[in-house]
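Breakdown of the fold
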Amino acid sequence: MKSTVINNNIRNIAIIAHVDHGKTTLVDAMFRQSGLFRAGQQVNERIMDSQDLERERGITISAKNCSVRWQGVKINIVDTPGHSDFGGEVERALSMTNGCVLLVDASEGPLPQTRFVLKKALDAGLDIVVAINKIDRNDARPAQVLDEIYDLFIDLGANETQLEFPVLYTIGREGVASAELNVPGRDLAPLFEAVLSLPGPAHDPDEPFQMQVADLAYSDYLGRMAVGRVLHGTLSAREPLIRIDENGLEIPLKLTKIQAYEGLKLEETEQVEAGDIVVLAGTEEVNIGDSICAKNAPRRLPRIIVDEPTVSMRFAINSSPLAGQEGKIVQSRQIAERLKLESRRNVAISLEETEDKDSFIVKGRGEFQMAILLEQMRREGFELSVGRPEVILKKSGERLLEPIERLLVDCDEAFLGVVTEKLSLRKGRMTSLTNNGSGRVRLEFSVPSRGLIGLRDEFLTDTKGTGIMNSCLEGYDEHRGDFPTRFTGSLVADRPGRAVAYALFNLEPRGALFVSPNDPIYEGMVIGEHNRENDIDVNPAKEKKLTNLRAAGKDENIILTPVRPMTLEMAIHFAREDEMVEVTPKSIRLRKKILSAMERHRQEGKKRKVED
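Below is a short write-up of the structure.

Conventions and cut-offs
Residues numbered from 1 in each chain as written. Predicted model: local features only at pLDDT ≥ 70, side-chain atom pairs only at ≥ 80, totals over all residues. Heavy atoms only, no water. Pairing = 2+ DSSP bridges. Helix = DSSP H or I, 4+ residues; strand = E, 2+ residues; numbered from the N terminus. Contact = heavy atoms within 4.5 Å. Buried < 20%, exposed > 50% of the residue type's maximum accessible area, 1.4 Å probe, protein only. Axes fitted to C-alpha atoms, helices over the stretch in contact; angles between N-to-C directions. Parallel < 35°, antiparallel > 145°, perpendicular 65-115°, else oblique. Left-handed = near helix turned anticlockwise from the far one by under 90°.

This part is about the pairing of strand 20 (residues 291-294). Regular strands show a simple pattern: their side chains alternate between the two faces of the sheet. As defined by bridge partners, strand 10 (residues 210-212) adjoins strand 20 across three bridges and the pair is classed as antiparallel. What sits directly across from Met211, in strand 20, is Ile292. Pairing of strand 14 (residues 241-244) with strand 20 involves four bridges; the strand directions are antiparallel. Residue pairing in the sheet places Arg243 in a bridge with Ile292 of strand 20.

Looking at the secondary structure, you find Glu402 in strand 27 (residues 399-412). Setting aside its immediate chain neighbours within four residues, Glu402 contacts Leu393, Pro448, Arg450, Gly475, Tyr476, Asp477, Glu478, His479 and Arg480.

A few words now on helix 1 (residues 23-33). An α-helical segment advances 3.6 residues per turn. Residues three or four places apart therefore align on the same side. Of all eleven residues in helix 1, eight are buried, a share of seventy percent or more. Taken together, the buried positions of helix 1 are Lys23, Thr24, Leu26, Val27, Asp28, Ala29, Met30 and Phe31.

The next point concerns the environment of Leu156. With respect to the helices and strands, Leu156 occurs in the loop between helix 5 (142-155) and helix 6 (160-163). Look at Leu156 and you get buried, because its relative accessible area is 19%. Between the alpha carbons of Leu156 and Pro184 there is a distance of 32 Å; along the sequence they are 28 residues apart. Apart from residues lying up to four places away in sequence, Leu156 is in contact with Arg115, Leu118, Lys119 and Leu122.

What follows covers the packing of helix 8 (residues 332-345) against helix 9 (residues 367-379). Packed helices, taken two at a time, are described by the angle their axes make and the gap between the axes. Relative orientation of the contacting elements helix 8 and helix 9 amounts to 130°, with a least axis distance of 12 Å. When the interaxial angle is binned, helix 8 and helix 9 end up oblique. As for the relative orientation of helix 8 and helix 9, their crossing is right-handed in sense. Judged by residue contacts, Ile335, Arg338, Leu339 and Glu342 of helix 8 engage Leu373, Gln376 and Met377 from helix 9.

Tracing the backbone through its elements, the reader meets Glu246 in the loop between strand 14 and strand 15 (250-253). A sequence separation of 41 residues divides Glu246 from Asn287, and the C-alpha atoms of the two residues are 8.7 Å apart. Aside from chain neighbours lying at most four places away, what touches Glu246 is Asp290, Arg300 and Arg303.

Okay, here's the thing in structure tokens:
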């Protein structure tokens with residue numbers, strides 16, 4: 001009979017929350033109060049958001065590990081993303097933990113992505129501590145939010161044990177927590193005590209070493225490293241191990257170094273105990289989900305299961321006339337290697353090769369996840385082109401199914417009509433409307449995932465930047481029919497050259513432009529948005545004809561409407577099915593898949609003949 005022992009010297013917890021509810025700020029305060037930093041030491045804010053993109057956008061993109069010590073107990077902390085597009089990171093992170101702290105904003109309450117991360121934690125059977133954060137907000141409503149949290153737990157099928165969660169009231173920015181709403185907190189001691197009240201990791205002392213790879217790290221000196229929680233047994237340096245891959249093959253493994261988290265750093269150690277989170281070097285071919293076991297007792301563990309991807313995008317080499325001028329890495333082989341690396345490192349992304357050797361299909365959770373991957377690649381020097389995101393449809397017998405999202409909208413009452421109209425056009429169905437008499441309303445919709453592609457930019461314009469929109473995947477349902485994705489056409493350049501102010505000034509009445517004077521252009525490049533539904537070919541390089549009656553310098557003071565800088569998300573949302581986004585380290589351009597105007601018109605003629 002197996003004997004289970006609890007290791008009370010360790011706690012493994014994940015901090016889970018919706019985007020912007022303050023989890024990374026709270027982790028900062030936990031670092032400071034646990035004595036991780038010396039007195040007077042200068043430390044950046046949001047320490048765990050170490051990537052440039054995370055700091056720029058103010059969100060957590062990838063899950064990261066660290067540890068603190070409190071009353072002699074080592075607490076391994078995993079800071080997880082709150083955006084559902086990075087759900088694969090949450091699933092990996094939760095596989096290393098035994099409990100979690102659910103952070104909820106005292107004003108906004110549980111949002112769709114709160115539901116998403118909490119469902120993952122409940123499915124994993126984790127013990128939960130609830131922290132209602134930002135109780136110092138003027139519009140805080142902690143009592144109602146706590147009721148909403150209980151409703152959410154019940155709605156997600158939590159058992160009686162999971163419903164008896166401890167509740168704390170926190171102000172992450174000030175680093176205070178209290179078990180009573182009316183008693184001001186002085187520090188985070190109540191939060192640390194609540195974490196220590198959770199049970200430590202259980203293990204069988206008679207079992208040999210066993211762990212599952214939940215994350216990958218990389219070092220210029222040590223190569224690829226495997227990160228995971230030790231499920232059973234202990235591990236010492238130079239101990240013979242084997243790796244069991246997804247096909248069940250047993251491959252010998254020779255470790256070069258064993259490390260564990262101490263604060264923000266990795267410290268080399270000679271031995272690790274069951275329950276601790278370790279980083280193993282010398283594991284060059286390892287992948288997420290692989291089992292690492294003692295050589296004399298190989299046993300394969302169930303692989304980490306993640307939700308299926310819902311969106312696909314075509315990544316291809318840059319075939320425009322400006323290819324190779326701004327990026328260092330342009331070959332399809334190098335693009336394929338980078339995408340394969342990403343699919344190994346991120347379990348939520350999968351890669352499919354196509355018949356065309358120069359393009360690849362990348363599948364993921366959402367267009368935002370794709371945009372982040374593209375942004376990372378362009379910063380690394382890649383130059384490529386991508387198509388519009390497409391949702392992945394399923395067949396169930398004769399029925400066609402599509403992914404459906406639960407969408408929560410918070411906006412002023414004045415914008416209720418326009419928001420409802422836009423969502424109904426995209427086959428959205430309102431499921432609830434709440435008006436608390438405060439001037440703002442909260443709406444809940446069931447919307448096809450394809451209806452949300454490109455909606456965010458329109459939504460912010462319609463609500464004058466005051467609306468809040470959040471969504472998470474609810475599942476697959478019957479296909480709801482076609483709807484227009486864009487009511488405007490494109491202004492397409494009909495020749496190569498450089499944009500001229502005179503030509504752009506005369507094109508402004510046609511629609512919004514994407515290029516400025518002297519920008520390089522080529523035939524087939526989309527230089528603006530046409531006011532009407534159809535595409536038109538234009539000449540943005542047309543210069544003013546000069547005569548002996550008019551001096552060359554006359555009329556030079558043309559004043560153009562400022563061009564809004566094209567971001568990656570804007571370009572991806574704007575592109576139609578017959579368009580692509582050209583992504584380089586310096587520029588983001590839109591273009592037609594078929595550059596030649598003559599060839600495009602020929603193809604349209606053939607299409608009309610077939611339809612007739």
